[in-house]
Amino acid sequence: AAAEAAGILLLSLRFIPEYGAARGFYYSVFHSISSFCNAGFDVFGLGNSLVSYAYDPLVTITIMSLITVGGLGFFVVVELYRKTLLGHKYHLKLHTKIVLITSGVLVLAGFLFFLAFEWNNPRTLGAEGLSTGDKVLGAMFQSVTPRTAGYATIPQGDLMPASKIATTALMFIGASPSGTGGGIKTTTAVMLLFLVATIVTGKKDTVVMKRRMSKDVMMRAITIATIAFVFVGFITMLLCIVEQSHLAASDLLFETVSAFATV
């Protein structure tokens, strides 16, 4: 509620002068809730999501913040609130640590990737007239929105092939448990990563931050990821058969994962 209230207030500052008080407040309320809930709907009627506000820091940063808070999960938000109140007396639980670290790494990695691969793309970040700050803002938003809000400040069809694959990967992983996003969840991805590391190193137990993971936890992670891979692969294959003469397989995979992860 606090995050949404802050988002409503900030977005109102941007929308009210342009649309008038009542309509501006309506837009701010709608987009704040849509962002926090990782819904990704907009009601501007322009058909291009938030491309018109791509380089407006107030709008994009506010929406990115709401997406992130909603995607972290209510358990993590409560934990952070308690940590803020109690300081060093309160110790974050393992789940919260995993979610925060994984989310931070994914956002940073995605940001650097999109900044590098889209920097000179004339249809996205390489468009004429964009400053370095505009490119940084665009790359950051592209890194945040696939998990799993679905807003766009860059035309998704104009992304480089590598960027489409990266976006697909971020969408597939999605948000965190008890959050408002979709995907297989960040914790599942981390469990699989540590399981692979355990097998490669020949160790018996999977250890995450000095905590041994139970076999039940690992089996659930494997099951979720396997079902997701099989389902997405099967649907993508069907779409390729139906649309093989119209769309590229990479684009069909993008659309499938976008639907699967509720992006």
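Residues numbered from 1 in each chain as written. Predicted model: local features only at pLDDT ≥ 70, side-chain atom pairs only at ≥ 80, totals over all residues. Heavy atoms only, no water.

Novice: So what's going on with the overall build of the protein chain? Which residues, and what values?
Specialist: Across its full length, the protein chain carries 10 helices and two strands. The secondary structure elements of the protein chain, listed N-terminal to C-terminal, are α-α-α-α-α-α-α-α-β-β-α-α. At 20 Å, the protein chain has a C-alpha radius of gyration in line with the 18 Å of a compact globule built from 263 residues. By its C-alpha atoms, the protein chain is 60 × 60 × 30 Å across when sized along the principal axes. Among the 263 residues that make up the protein chain, the fraction classed as buried is 42%. (Helix = DSSP H or I, 4+ residues; strand = E, 2+ residues; numbered from the N terminus. Rg over C-alpha atoms; globule rule 2.2 N^0.38 Å. Buried < 20%, exposed > 50% of the residue type's maximum accessible area, 1.4 Å probe, protein only.)

Novice: Can you lay out the packing of aromatic side chains for me, pointing to particular residues and giving the numbers?
Specialist: In the structure shown here, the tally under the stated rule is 10 aromatic pairs. When the centroid spacing of 4.9 Å and the interplanar angle of 40° are considered together, the rings of Tyr27 and Phe44 count as tilted. Note that Tyr27 is positioned in helix H2 (residues 21-36) and Phe44 in the loop between H2 and helix H3 (57-72), a separation of 17 residues in sequence. For the residue pair Tyr27 and Phe44, the accessibility class agrees, reading buried in each case. (Phe/Tyr/Trp six-rings, centres within 6.5 Å; stacked < 30°, edge-to-face > 60°.)

Novice: I'd love a proper account of the layout of surface pockets, names of residues and values included.
Specialist: If you add up the space inside the largest pocket, you get close to 240 Å³. If you trace the largest pocket, you find 13 residues lining it, with Ile101, Thr102, Val105, Val190 and Leu193 closest to the centre. Breaking the lining of the largest pocket down by element, the ones donating at least two residues are helix H5 (94-118) and helix H8 (186-201). For the lining of the largest pocket, the element with the highest residue contribution is H5, accounting for six residues. Of the residues in the lining of the largest pocket, the class split is 12 nonpolar, one polar and no charged. (1 Å grid on protein atoms, 1.4 Å probe; cavity = no way out; pocket = protein on both sides within 12 Å on 5 of 7 lines; lining within 4 Å. Points joined across faces, edges and corners; volume = space filled by probe spheres on them. Nonpolar A, V, L, I, M, F, W, Y, C, P; charged D, E, K, R; others polar.)

Novice: I'd like a rundown of the packing of H5 against helix H7 (residues 161-173), residues and numbers included.
Specialist: Any two packed helices are characterised by the angle at which their axes cross and by the distance between the axes. At their nearest, the axes of H5 and H7 sit 10 Å apart, and the two run at 165° to each other. Overall, the two elements H5 and H7 adopt an arrangement that is roughly antiparallel. When the axes of H5 and H7 are compared, the crossing they make is left-handed. Residues Leu106, Gly110, Phe113, Phe114, Phe117 and Glu118 of H5 form the contact with H7, whose participating residues are Ala162, Ser163, Ala166, Thr167, Leu170 and Ile173. Broken down by class, the residue content of the contact of H5 with H7 amounts to eight nonpolar, three polar and one charged. (Axes fitted to C-alpha atoms, helices over the stretch in contact; angles between N-to-C directions. Parallel < 35°, antiparallel > 145°, perpendicular 65-115°, else oblique. Left-handed = near helix turned anticlockwise from the far one by under 90°. Contact = heavy atoms within 4.5 Å.)

Novice: Any details on the nonpolar core? Residues and values, ideally.
Specialist: Counting residues in each nonpolar core, the largest one holds 14 residues, and the members touching the most others are Leu50, Ile63, Ile67, Phe141 and Tyr151. Residue assignment for this core shows that the elements contributing at least two residues are H3 and helix H6 (132-144). Here this core gets four residues from one element, more than from any other, and that element is H3. Look past the residues within four positions of Ile67 in its chain and what remains in contact with it is Ser35, Asn38, Val144, Arg147, Ala149 and Tyr151. (Core = buried A, V, L, I, M, F, W, Y, C linked by side-chain atoms within 4.5 Å.)

Novice: Account for the side chain of Thr124, with residues named and values stated.
Specialist: Tracing the backbone shows Thr124 in the loop between H5 and H6. Look at Thr124 and you get buried, because its relative accessible area is 3%. Discounting chain neighbours no more than four positions away, the residues touching Thr124 are Tyr55, Glu118, Leu130, Ile154, Pro155, Asp158 and Leu159.

Everything listed here is a matter of geometry and, on its own, says nothing about what the molecule does.
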